[in-house]
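Residue-level structural notes
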Amino acid sequence: MPTGIYIRTEKYRKEVGEKQWKKDDELYKVDTKSGCWNFTGSLLKSGYGQIQRNKKSIYIHRYFYEKYKKVVPQGYELDHLCKNKKCVNPLHLEAVTHYENCLRGSATKLTEEIVQNMRNLYKSGWKKIVLARLFKISRAHVGRIIEGKSWSFS
Ligand SMILES: [Zn+2]
């Protein structure tokens, strides 16, 4: 099997209305600042790129993740650590459970006030696991916030 996939590019769709064979490394452009591999094909309304493989639709970032890393386990989804939906760089993707992904999603809504509040509660003896439940984020994320790795303001 050659590596590469059939993909409908915008240009080709207009000209021929057919699928065009593209090599994998022709499917994205590397952003040298962020390190993101930005997919150059057309995107879904959701902002993600999608391809057809074995008569199934698959997200382009998933395709690259599975090509370079490993198969995404059943029940897991890919989280874009760079928050760039167009990005297909496997190093910017992490396989997480839907639950964890939701937690991360809601975690972005944390404000400075809430974070400060969380740190104060921790100092006064609250356990991380309790804070995680209270603020609906993962315990690991609570740890990062308390250690100042996320939200590092004084
Ligand atoms: Zn990226």
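Residues numbered from 1 in each chain as written. Predicted model: local features only at pLDDT ≥ 70, side-chain atom pairs only at ≥ 80, totals over all residues.

For the protein, the count of helices and strands is six helices and eight strands. When its helices and strands are written in sequence order, the protein yields β-α-β-β-β-β-β-α-β-β-α-α-α-α. Looking at the 154 residues of the protein, the share that counts as buried comes to 19%. Contacts in the protein between residues at least 24 apart in sequence constitute 36% of all its contacts with a sequence separation of at least 6. (Helix = DSSP H or I, 4+ residues; strand = E, 2+ residues; numbered from the N terminus. Buried ≥ 20, exposed ≤ 12 C-beta atoms within 10 Å, placed from the backbone. Contact = placed C-beta atoms within 7 Å.)

To continue, consider the packing of helix α4 (residues 112-123) against helix α6 (residues 139-146). At a closest axis distance of 10 Å, the pairing of α4 and α6 adopts a crossing angle of 90°. By the angle between their directions, the pair α4 and α6 is classed as roughly perpendicular. Here Val115, Met118, Arg119 and Tyr122 of α4 lie close against α6, whose contacting residues are Val142, Ile145 and Ile146. Residues of the contact of α4 with α6, tallied by class, amount to six nonpolar, no polar and one charged. (Axes fitted to C-alpha atoms, helices over the stretch in contact; angles between N-to-C directions. Parallel < 35°, antiparallel > 145°, perpendicular 65-115°, else oblique. Nonpolar A, V, L, I, M, F, W, Y, C, P; charged D, E, K, R; others polar.)

Before going further, it helps to examine unusual backbone geometry. Even without being glycine, Lys83 reaches a positive phi, approximately 60°. Within the element layout of this structure, Lys83 appears in the loop between β7 (76-80) and β8 (93-97). According to the C-beta neighbour criterion, Lys83 is exposed, with 11 such atoms within 10 Å.

With that settled, the discussion passes to the pairing of strand β5 (residues 50-53). Alignment of β5 against strand β6 (residues 56-59), held across four bridges, turns out to be antiparallel. Within β6, the residue paired with Gln52 across the bridge is Ser57. Where β5 folds back onto β6 in an antiparallel hairpin, the turn is made up of two residues, including Asn54, whose phi is positive at roughly 50°. (Pairing = 2+ DSSP bridges.)

Among the nonpolar cores identified, the biggest contains 13 residues, and Tyr28, Trp37, Phe39, Ile60 and Val88 are the most heavily contacted of them. For this core, the secondary-structure elements that each account for two or more residues are β4 (37-39) and α2 (60-68). Here the element with the most residues in this core is α2; it accounts for three residues. Those residues within four positions of Ile60 in sequence are excluded, and the remaining contacts are Phe39, Gly49, Gln50, Ile51 and Val88. By size, the runner-up hydrophobic cluster in this structure holds six residues, among which are Leu131, Phe135, Ile137 and Ile145. (Core = buried A, V, L, I, M, F, W, Y, C linked by C-beta atoms within 7 Å.)

Chain-level statistics for the protein give a pLDDT mean of 80 and a share of 79% at 70 or above. Per-element confidence in the protein ranges from a low mean pLDDT of 50 for helix α1 (residues 10-15) to a high of 95 for β4. (pLDDT = per-residue confidence, 0-100.)

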